[in-house]
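# Commentary on secondary and tertiary structure
Here's the letter readout for the chains.
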Amino acid sequence: DAGVIQSPRHEVTEMGQEVTLRCKPISGHNSLFWYRQTMMRGLELLIYFNNNVPIDDSGMPEDRFSAKMPNASFSTLKIQPSEPRDSAVYFCASSWTGGGYTFGSGTRLTVV
Amino acid sequence: AQSVTQLGSHVSVSEGALVLLRCNYSSSVPPYLFWYVQYPNQGLQLLLKYTSAATLVKGINGFEAEFKKSETSFHLTKPSAHMSDAAEYFCAVSSNNNAGNMLTFGGGTRLMVKP
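Here goes a summary of the coordinates provided. In this text the structure is predicted, and so the values were computed from the model without any measurement. (Residues numbered from 1 in each chain as written. Chains lettered and ligands numbered in written order. Predicted model: local features only at pLDDT ≥ 70, side-chain atom pairs only at ≥ 80, totals over all residues. Heavy atoms only, no water.)

Defined simply, a disulfide is a covalent bond joining two cysteines at their sulfur atoms. Residues and elements named next belong to chain B. Applying the stated rule across the entire model yields two disulfides over all chains. A disulfide bridge connects Cys 23 with Cys 91, and the sulfur atoms are separated by 2.0 Å. Its S-S torsion of about -65° marks the bond between Cys 23 and Cys 91 as left-handed, since a negative value means left-handed. Remark: Cys 91 occurs in strand E10 (residues 87-94) and Cys 23 occurs in the loop between strand E3 (19-21) and strand E4 (24-27); sequence separation between them is 68 residues. (Disulfide = S-S within 2.5 Å. Helix = DSSP H or I, 4+ residues; strand = E, 2+ residues; numbered from the N terminus.)

Right under this line is the structure:
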């Protein structure tokens, strides 16, 4: 089992550019979560999906953020346009009902 | 609604000393409780979890935690700290609702181990 796979590991982009973060959950897991981690705010849940359906996106900071899960094996988090305050580490995690999360290694985003 | 409070954002112990990281939770339903560890530049790894079976839960790397309903606590302990235990630790609670397994995390406690 390769675990939760996120790409890219690091992303540096200029303000105003579109950024797409990718996640492949563990096969068989039915829930997928996107988190953002910063020194100031700690771990923040942005959105989560259950059986590919978005359940709660109240943590998405603004309309510039969007997430999709077109199938059980893939999800994207998009920021358009990106801003310097979006700089953070973005984690994807997956789980099955009743189990704990398995986290990916994260994408470190820097917007300059 | 559920919430987690971790007392102490930083804890420092000497190598070989007892590690105690505190976690208190609030949940309107019987909770599922978790401890995760995050090493620098890595994602979070599951240390242990409580899912209404034994109240004393043993995890990886010699850590254990005890669920105390009367105190709404789930403190993490390890008898003897090792340098490799230096990391950030997160406590989390889940109500395991039907819409998924949404976890609410505490603010984290950074453990430092002195030689």
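Turning to the interface of chain A and chain B, a few remarks are in order. Each partner contributes to the interface: chain A provides 23 residues, whereas chain B provides 19 residues. Summing the contributions of chain A and of chain B, the shared interface buries around 1600 Å²; its carbon and sulfur component is 54%. In this assembly, chain A and chain B are joined by five residue pairs in polar contact (both at pLDDT 80 or more). For the side of chain A that touches chain B, the secondary-structure elements that each account for two or more residues are strand E4 (31-38), strand E5 (42-50), strand E6 (53-56) and strand E9 (88-95) of chain A. In the side of chain A that touches chain B, the residues fall into 10 nonpolar, 10 polar and three charged. (Contact = heavy atoms within 4.5 Å. Buried area = accessible area lost by both parts, 1.4 Å probe. Polar contact = N/O pair within 3.5 Å; in protein donor to acceptor, adjacent residues only side chain to side chain. Nonpolar A, V, L, I, M, F, W, Y, C, P; charged D, E, K, R; others polar.)

The biggest cluster of nonpolar side chains holds 27 residues, and the ones touching the most others in it are Trp 35, Leu 48, Phe 74, Leu 76 and Tyr 89 of chain B. Of all elements in the fold, only strand E2 (10-14), E3, strand E5 (32-38), strand E6 (44-50), strand E8 (64-68), strand E9 (73-78), E10 and strand E12 (109-114) of chain B reach the threshold of two or more residues within this core. Per-element accounting of this core gives the leading share, four residues, to E10 of chain B. Contacts of Tyr 89 of chain B, omitting those with residues within four sequence positions, involve Gln 6, Leu 21, Trp 35, Tyr 36, Val 37, Leu 47, Phe 63, Leu 76, Gly 108, Thr 109 and Leu 111 of chain B. Formed by 21 residues, the second largest nonpolar core is a distinct cluster that contains Cys 23, Leu 32, Ile 47 and Leu 77 of chain A. (Core = buried A, V, L, I, M, F, W, Y, C linked by side-chain atoms within 4.5 Å. Buried < 20%, exposed > 50% of the residue type's maximum accessible area, 1.4 Å probe, protein only.)

The volume enclosed by the largest pocket comes to roughly 590 Å³. For the lining of the largest pocket, the secondary-structure elements that each account for two or more residues are E4, E9 and strand E11 (107-111) of chain A together with E10 of chain B. The leading source of residues in the lining of the largest pocket is E11 of chain A, at four residues. Split by residue class, the lining of the largest pocket holds eight nonpolar, 16 polar and four charged. The computed volume of the second largest pocket comes to approximately 180 Å³. Arg 36, Thr 38, Met 40, Arg 41, Glu 44, Pro 61, Glu 62, Arg 64, Phe 65, Arg 85, Asp 86 and Ser 87 of chain A are the residues that line the second largest pocket. Residue composition of the lining of the second largest pocket, grouped by class: three nonpolar, two polar and seven charged. (1 Å grid on protein atoms, 1.4 Å probe; cavity = no way out; pocket = protein on both sides within 12 Å on 5 of 7 lines; lining within 4 Å. Points joined across faces, edges and corners; volume = space filled by probe spheres on them.)

Time to look at the packing of aromatic side chains. Ring pairs (aromatic) are described by centroid distance and by the angle formed between their planes. Tallied over the full model, the rule gives 17 aromatic pairs over all chains. Where Phe 103 of chain A meets Phe 105 of chain B, the ring centres are 6.0 Å apart and the plane angle is 70°; that geometry is what we call edge-to-face. With Phe 103 of chain A in strand E10 (residues 102-103) and Phe 105 of chain B in strand E11 (residues 103-105), this residue pair bridges two chains. Here Phe 103 of chain A falls in the buried class, since its relative accessible area comes to 8%. By relative accessible area, Phe 105 of chain B is classed as buried at 12%. Here the aromatic residues Phe 33, Tyr 35, Tyr 48, Phe 91, Tyr 101 and Phe 103 of chain A together with Phe 34, Tyr 36, Phe 90 and Phe 105 of chain B are joined through ring pairs into a cluster of three or more. (Phe/Tyr/Trp six-rings, centres within 6.5 Å; stacked < 30°, edge-to-face > 60°.)

Turning our attention to the environment of Thr 107 of chain A. All names here are of chain A. Among the secondary structure elements, Thr 107 is positioned in strand E11. Separated by 51 residues in the primary sequence, Thr 107 and Asp 56 have C-alpha atoms spaced 22 Å apart. Not counting residues up to four positions away in its chain, the partners in contact with Thr 107 are Gln 6, Ser 7, Pro 8, Arg 9, Leu 21, Ala 88, Val 89 and Tyr 90.

Residue and element names in this part refer to chain A. Tallied over the entire structure, the rule returns 11 salt bridges over all chains. When the shortest N-O distance is used, the salt bridge between Glu 18 and Lys 78 registers 3.9 Å. You can see Glu 18 sitting in the loop between strand E2 (10-13) and strand E3 (19-24) and its partner Lys 78 sitting in strand E8 (residues 74-79), a full 60 residues away along the chain. As a salt-bridge pair, Arg 64 and Glu 62 come within 2.8 Å of each other at their nearest N and O atoms. The exposure class of Glu 62 is partly exposed, given its relative accessible area of 26%. (Salt bridge = Lys/Arg side-chain N within 4 Å of Asp/Glu carboxyl O.)

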